[in-house]
Amino acid sequence: MHFCTHWHDWFYQEPDATVDPAGAAARRRKPRDRRRSPAAAPPSTPQRISAEELAEALRPHLLSPKRMWALGYPLEIEPNSCKAVVYVNPPPRPRLHFTSFDVNAPEFVPGGSQGDSGRGSLGSSPRSDSDEEADAVEHLCVRCDKTFRMTREGEYVVEESCVYHWGRIGGDSRHTCCEAPLGSKGCTSARFHVWSGTKPGMNGPLKGYVRARSPRGGVYAVDTEMCYTTAGLELASIAVIAADGRLVYRSLVKPSSPVVDHNTRFSGIRPRDLARATKTLRDVQNDILGFVGSDTILIGHALENDLRALKLLHSAVVDTCALYPHSRGFPLRRSLRALSQELLGRSVQRSSSGHSPLEDARAAMDLVLLKVHEERAQRHRVATQLPILQPYDPLISAA
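These numbers were taken from a predicted model, which means no experiment stands behind them.

**Student:** Explain the overall build of the chain to me, please; I cannot follow it from the model alone.
**Tutor:** Within the chain, the secondary structure is distributed over 13 helices and 15 strands. Residue burial in the chain is summarised as follows: out of 399 residues, 36% are buried. The contacts of the chain with a sequence gap of at least 6 include a subset with a gap of at least 24, amounting to 63%. Of the roughly 25200 Å² that the chain leaves accessible, carbon and sulfur atoms contribute 53%.

See below:
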C-alpha cells in the first residue's frame, strides 16, 4: 500500500517551483516533430573511372552469344553476310484470349471439293478483292493484343481504333495507368493498331544490318527512342554517352516508313521533332561506326531493342537487365526507372513529355559504374579477410 501511494504521488507531483513558467509554456506550445529523419540517399553519380579500367572490369559481364540469343539480340546468320536473325520470346505479361466459334460454318471436307470458293484450289479463277485481302499479313497489336491485317505495301485492310491500357500490370493484377483490373476495357484510345516489327519466335533473315570491322576500343552507353510506323518500330532518336559522362553523339532520325503513332508518352517524340530531322538510319549507322569498333563495349538497358532499331550487329555488350536480374527470374526484367530510383536515388522516365535518351543512357552508365565499384569493394573486403580464413596449423599456433 505504501509503494502504491508513493508511485501515485510521484506520477502526479507538481512541477518544481524553480522551473521558468514562460519557458515551459513555450515548450508546450511547440509541436513535437514525430516524423522520422529521412535515410541518407545513395550517391546519385558513382565515381568515374577511365575507359580502359572500365573495359577491363566489364570483361566478365559481357553477354555470351547464347545469352544474347535468349535475350533477343540480333545475331549474324553467316560471317560477313550483314543479315541478322532474331529470336523473340513471348511477352511475359498475361494475355486474355477469347475464342469464338461460328456454328454456321460449312463442314470441312478434305480436298476442298464441297463449298470450295476457288481460293487455294488448283483452278485458275480470276482474283477478287477477297483474294487481295488474303495476301495481307496478320500482325498482333502490341498494345491491345488484337490481331489486325496490313497489305504488303503497309496499308491497313480495316482501319480500326486501338483501345488499350498503357500502364503495366502490377502485383495486384491491376493496370498501373488507371488501377483497372486485368481484363477490363482500355483507358486510352489511338487511331490505329501498331506492331513492333517482329513476332514471337524466329525472325529473319533481316537485311540492312551493319557491323564494325576494325577495333577502336572505348566504352559507351547507348539509348534510343522509337516510334511506330507501318513497318513496326523504327529509330527516331539516339544518344550515346562516354565512360566519363560526356555526350558523344545525339541525333533525331527520320523513319523510312510512314509514321502511324509517334509513341510520345514513352519516346518523347512529337511530329515537330521528326519534321526537323534530317538524318536517316543509314546516316546514323555511318556516324556510329565512326567511333564504335569491333571491340568497343556498348552498355544499355534492354540493349537488344536499341541494336535492333539501329540495325547494328555487335557482340561486346553489357546489359543492365542481366547485370541486375529480376528476383523472379527471366524473362521478367526490372525497369530502368526502378533500378535508378533504388540504386542511384535518381528519378528517370517520370516526365509527362516522355523519355529522354540522354537521361536513360546516363542512368545505364551509372548503374554499370555502381556495379564495378561494388565488386571492387567486395574484392577488397575478401583480400583483407584472407589471413583470418587461413587453415589452422598446430605447429605455427604452438610457436
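**Student:** Any chance you could explain the side chain of glutamine 285 here in plain terms?
**Tutor:** Take glutamine 285: it is sitting in helix α8 (residues 281-288). Leave out the neighbours within four places in its chain, and glutamine 285 touches Gly208, Val210, Leu310 and Lys311.

**Student:** Sorry if this is basic, but what is going on with the pattern of salt bridges here?
**Tutor:** Opposite charge on two side chains permits pairing when their charged atoms draw close. Applying the stated criterion across every chain yields a total of 10 salt bridges. A salt bridge links glutamate 76 to arginine 211; its shortest N-O distance comes to 3.0 Å. Residue glutamate 76 is located in strand β1 (residues 75-76), and its partner arginine 211 is located in strand β8 (residues 210-211); the two are separated by 135 residues in the primary sequence. Classification of arginine 211 as partly exposed rests on a relative accessible area of 24%.

**Student:** Please clarify how helix α11 (residues 336-344) should be interpreted in this entry.
**Tutor:** Within an α-helix, residues lying three or four positions from one another point in the same direction, as the helix has 3.6 residues per turn. Those residues of α11 not exposed but buried are Leu336, Leu339, Ser340, Leu343 and Leu344. The buried residues of α11 occupy an angular sector of 100° when projected down its axis, which confines them to one face. Looking at the packing, one finds that the buried side of α11 touches α10 (320-323) and α12 (357-385). Looking at the residues trailing α11, positive phi occurs at glycine 345, about 65°.

**Student:** What am I meant to see in the state of the cysteines here?
**Tutor:** Covalently bonding the sulfur atom of one cysteine to the sulfur atom of another cysteine gives a disulfide. Considering all chains together, one arrives at 0 disulfides under this definition. Cysteine cysteine 141 remains unbridged, with the sulfur of cysteine 144 as its closest cysteine sulfur at 3.6 Å.

**Student:** Whenever I open this one, the pairing of strand β3 (residues 137-140) confuses me. Can you help?
**Tutor:** Pairing between β3 and strand β4 (residues 147-150): 4 bridges, direction antiparallel. When the bridges of β4 are listed, valine 137 appears paired with methionine 150. In sequence, β3 turns back onto β4 through a hairpin of 6 residues, with aspartate 145 there showing a positive phi of about 65°.

**Student:** Please clarify how the environment of arginine 48 should be interpreted in this entry.
**Tutor:** Structurally, arginine 48 can be placed in the loop between α2 (21-29) and α3 (51-58). Residue class for arginine 48 comes out partly exposed when judged on its relative accessible area of 29%. Those residues within four positions of arginine 48 in sequence are excluded, and the remaining contacts are Ala243, Asp244, Gly245, Met365, Asp366 and Leu369. Only 3.1 Å separates the side chain of arginine 48 from the side chain of aspartate 366, close enough to count as a polar contact.

**Student:** What should I look at first to understand unusual backbone geometry in this one?
**Tutor:** Glycine aside, negative phi is the norm for most residues, and most peptide bonds take the trans geometry. In this structure, proline 205 follows glycine 204 across a cis peptide bond, with omega equal to 0°. Considering the arrangement of structural elements, one finds proline 205 in strand β7 (residues 201-206). Cis rather than trans, the peptide bond between phenylalanine 330 and proline 331 has omega equal to 10°. With respect to the secondary-structure elements, proline 331 resides in the loop between α10 and α11. Of note in the backbone geometry, serine 173 takes a positive phi value of approximately 60° without being a glycine.

**Student:** What am I meant to see in the packing of aromatic side chains here?
**Tutor:** Two aromatic rings, taken as a pair, are described by how far apart their centres are and by the angle between their planes. Applying the stated criterion across every chain yields a total of 6 aromatic pairs. When the centroid spacing of 5.7 Å and the interplanar angle of 25° are considered together, the rings of tryptophan 69 and tyrosine 87 count as stacked. Of this pair, tryptophan 69 sits in helix α4 (residues 65-71) while tyrosine 87 sits in strand β2 (residues 84-88), placing them 18 residues apart in sequence. In this structure tyrosine 87 comes out as partly exposed when scored by relative accessible area, which is 28%. Note on tryptophan 166 and phenylalanine 266: the rings are 6.4 Å apart at their centroids and 65° apart in plane angle, and the pair reads as edge-to-face. Note that tryptophan 166 is positioned in the loop between β5 (162-164) and β6 (188-190) and phenylalanine 266 in helix α6 (residues 264-267), a separation of 100 residues in sequence. Overall, the relative accessible area of 33% leaves tryptophan 166 in the partly exposed class. Residue phenylalanine 266 is classed as partly exposed on the basis of its relative accessible area, which comes to 31%. In textbook terms, an aromatic cluster arises when at least three aromatic residues are bridged by ring pairs, as seen for Phe148, Tyr156 and Phe192.

**Student:** Please clarify how the sheet that holds β7 should be interpreted in this entry.
**Tutor:** Hydrogen bonding along the main chain pairs the strands of a sheet, whether they run parallel or antiparallel. What the 3 strands build is an open sheet, ordered β1-β2-β7; its pairing is antiparallel. One side of each edge strand has no neighbouring strand; the edge strands of this open sheet are β1 and β7. Pairing of β1 with β2, which is carried by 2 bridges, proceeds in the antiparallel orientation. Residue glutamate 76 lies in a different strand from β2, and its bridge partner there is alanine 84.

**Student:** Can you help me understand the nonpolar core in this one?
**Tutor:** Ranked by internal contacts, the top residues of the largest apolar core, which has 31 residues, are Leu54, Leu58, Val219, Ile297 and Ile299. In terms of residue count, the dominant contributor to this core is α12 (10 residues). Excluding its chain neighbours within four sequence positions, the residues that come into contact with isoleucine 297 are Ala55, Leu58, Arg59, Leu62, Gly218, Val219, Tyr220, Ala316 and Val318. Within the second largest apolar cluster, 25 residues are counted, among which are Val210, Ala242, Ile288 and Leu310.

Cut-off values and rules
Residues numbered from 1 in each chain as written. Predicted model: local features only at pLDDT ≥ 70, side-chain atom pairs only at ≥ 80, totals over all residues. Heavy atoms only, no water. Helix = DSSP H or I, 4+ residues; strand = E, 2+ residues; numbered from the N terminus. Buried < 20%, exposed > 50% of the residue type's maximum accessible area, 1.4 Å probe, protein only. Contact = heavy atoms within 4.5 Å. Areas by Shrake-Rupley, 256 points an atom, 1.4 Å probe, with all protein chains shown as cover. Salt bridge = Lys/Arg side-chain N within 4 Å of Asp/Glu carboxyl O. Arc of directions from axis to C-beta. Disulfide = S-S within 2.5 Å. Pairing = 2+ DSSP bridges. Polar contact = N/O pair within 3.5 Å; in protein donor to acceptor, adjacent residues only side chain to side chain. Phe/Tyr/Trp six-rings, centres within 6.5 Å; stacked < 30°, edge-to-face > 60°. Core = buried A, V, L, I, M, F, W, Y, C linked by side-chain atoms within 4.5 Å.

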